[in-house]
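A look at the structure
Spelled out, the chains give:
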Amino acid sequence: MLLALLALGAGIGLRDPSPPDEPRFVLAAKTMVESGNWLVPYRGSEIYGHKPPPFMWAQVLSYQLVGNWRIAFLLPSLLAALGTLWLVWDLAARLWNRAVAPYAALALLATLQFGLQARRGQIDMLLVFLTTLAMWALLRALLRGPNPRALWLGGFASGLGTVTKGVGFLPLLSLIPAAWAARRNDRRVSRPGLRGLGIVFAGFLLGTAVWLLPLLLLLLRSDDPQMQAYAGEILLRQTVERYANPWHHYEPAWYYLQVIATLWLPGALLLPWLLPAWWRRLRRSDPRQIVLLGWSVLVLLFFSLSPAKRAVYIFPALPALCLAAAPLLPGLLRKLAVRRVLLGYVLVLSLVLLLAGTLGVAQIGRWPARLLADPQFAVADVRGVWIWLAGIGAFGVAAALVWRTRHAARAVLIFTLVLWAGYGLGLMPALNEASSSRALMRQVGVAIGPDAELALVGWREQQMLQADRKAVDFGFERELWEQWQLAGPWLAQSPQTRWVMALRVPAGACVDAAQVRAAGRANRRDWVLVPGTAWRVGCLIDAAEEAARDPEGD
């Protein structure tokens, strides 16, 4: 736990929220603090109806604890990661023995996707903590004897996970392989019965009621059509429709095999040995493996059936697979071939990082030249990225040479810890000015002066978050031309003191192009500043003409 805290916590407070999701959640959490409205999250002036608010609540509570958003936005993910590791350790000790527990927890810690999500201010790490907590409780009740309290906790954690992100109910699917194992008259499996299922369901309802009950009471008291639309968006479109009839993230059926082969390294490299060993355990009707592996397969099938797929969707299954692998790892690590594969993983990844960093420092190749030529990146920051990559790679090579084949697992663990520590201490802080829009918004503040008013059109969440003053917006999901149609009169009310920062200006004669200034570049987009004096009063924007233009202004 101390090693995990040092590696995953290194660098917290050294960077700002960065896309794709972090600025959105922090902006909503910050609005909750400022407005006192915790029930319905807002993104600027609009209700944010894509995700429920419990993760934002966690960030608000973290902020109230530490008083610093740079720390608070990452603290829930860090604590969730540490909690998940403890749950995996404890459950492995209960299902097998204390000697197996370190293998389960360290296998999870060494997996690339776990470290990446633990270092991101996104919902998924908190979701995995809640799904793992639910599995920890349900498996204790199913495989360690009758335990009504554990059944209730499993249901409650699943319910709370569901209102954190819609798929939090997944742990309840573990009842299916448990029932199958029980049908084989395996006395090692406890049958929950109707009473036990009722306890699970009651806990689930109570978990969902943490947010759904206050929302329902609000809807009953309010006739605001925005609230009704919000309820429909969050409860139906972003859950059922997003799964059954998605509108983005289309991937082929085999997509998750690619995710397992890359983000689940180095564990994925052991599958040629793990799969036959798991099959032997299943044939011997080991109920622990039946439930863990059966549930993992159900999670994989559930997400594979939807046309929309993302790498984080199957992340909840990773702790269960590490638990299933844990009793086999001591034997596998005695095999020379396994140790050679693990050492090869460290060497290959380290050499790739070392080579990329060295070529970058030497400015050899197109990619380093392209980054240095991009105005959104400072030369010193880009050089810092190359140096950190080279340093992490060099350490990995040294670890492989020191511990060699005999202690390959130790080399994997140490390299992983250094990788994530370097990621937090060096790589992300070096990219922070560009990725968070901090540099862009600092330039905007200087350009318009301290007394000017600022509005945003076609904006991104990180820009409102990093603005040095309260910025006005005209909606986030509105079409760009609609935002401009509202921004024009706002500029005209005080043309000498008001400015709009925009992705691009409208076509036609509404804006005097001679007065438009370049604001800067961030997140691979060029932004402009439009003073109030550039807006031609009474001008109407042609919606058809604007809709025909490239929405990104490229």
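The structure under discussion appears in the preceding block.
My aim in this report is to walk through the structure given alongside it, one point at a time. (Residues numbered from 1 in each chain as written. Predicted model: local features only at pLDDT ≥ 70, side-chain atom pairs only at ≥ 80, totals over all residues. Heavy atoms only, no water.)

**With respect to helix H5 (residues 75–95)**
Taking 1.5 Å per residue, 21 residues should reach 30 Å; H5 reaches 30 Å between its end C-alpha atoms and fits that length. Counting buried positions along H5 gives 17 out of 21 residues, so the element sits mostly inside the fold. (Helix = DSSP H or I, 4+ residues; strand = E, 2+ residues; numbered from the N terminus. Expected span 1.5 Å × (residues − 1). Buried < 20%, exposed > 50% of the residue type's maximum accessible area, 1.4 Å probe, protein only.)

**Examining the state of the cysteines**
Note: disulfide means a covalent bond formed between the sulfur atoms of two cysteine side chains. Under the criterion given, the structure shown has one disulfide. Across the disulfide from Cys510 sits Cys539; the S-S distance is 1.9 Å. Linking Cys510 and Cys539, the disulfide has an S-S dihedral of approximately -75° and is accordingly described as left-handed. Placement of the pair is Cys510 in the loop between strand E5 (498–502) and strand E6 (517–522) and Cys539 in the loop between strand E7 (525–531) and helix H25 (543–547), with a sequence separation of 29 residues. Residue classification places Cys510 among the buried positions, given a relative accessible area of 2%. (Disulfide = S-S within 2.5 Å.)

**Some points on the sheet that holds strand E3 (residues 453–457)**
Read across the open sheet, the five strands follow the order E4-E3-E5-E7-E6; overall the sheet is mixed. Edge positions in the sheet fall to strand E4 (472–473) and E6, since each has one partner strand and no second. Relative to E7, E6 is paired through five bridges, and the arrangement is antiparallel. Bridging from a neighbouring strand, Ala522 pairs with Arg525 of E7. On the sheet, helix H22 (residues 438–448) packs against E3, E5, E6 and E7 and is oriented at approximately 165° with respect to E6. (Pairing = 2+ DSSP bridges. Contact = heavy atoms within 4.5 Å. Axes fitted to C-alpha atoms, helices over the stretch in contact; angles between N-to-C directions.)

**A short note on the pattern of salt bridges**
Per the stated rule, a full pass over the model turns up 16 salt bridges. The structure contains a network of salt bridges with shared partners spanning Asp21, Arg24, Arg43, Glu461 and Glu477. (Salt bridge = Lys/Arg side-chain N within 4 Å of Asp/Glu carboxyl O.)

**A closer look at the layout of surface pockets**
By volume, the second largest pocket is sized at about 1,100 Å³. Taken together, 40 residues line the second largest pocket, and the ones lying closest to its centre are Gly267, Leu270, Leu274, Ala325 and Leu329. Residue assignment for the lining of the second largest pocket shows that the elements contributing at least two residues are helix H6 (101–110), helix H13 (255–263), helix H14 (271–283), helix H15 (287–304), helix H16 (318–325), helix H17 (329–332), helix H18 (336–361) and helix H21 (408–435). (1 Å grid on protein atoms, 1.4 Å probe; cavity = no way out; pocket = protein on both sides within 12 Å on 5 of 7 lines; lining within 4 Å. Points joined across faces, edges and corners; volume = space filled by probe spheres on them.)

**Let's talk about empty space enclosed by the protein**
A complete count under the given rule lists three cavities of 30 Å³ or more for this structure. As a volume, the largest cavity reaches approximately 50 Å³. Taken together, Leu91, Thr132, Met135, Leu139, Leu292, Trp295, Pro316, Pro319, Ala320 and Leu323 form the lining of the largest cavity. Counting residues per element, the ones that place at least two in the lining of the largest cavity are helix H8 (123–143), H15 and H16. Counted by class, the lining of the largest cavity contains nine nonpolar, one polar and no charged residues. (Nonpolar A, V, L, I, M, F, W, Y, C, P; charged D, E, K, R; others polar.)

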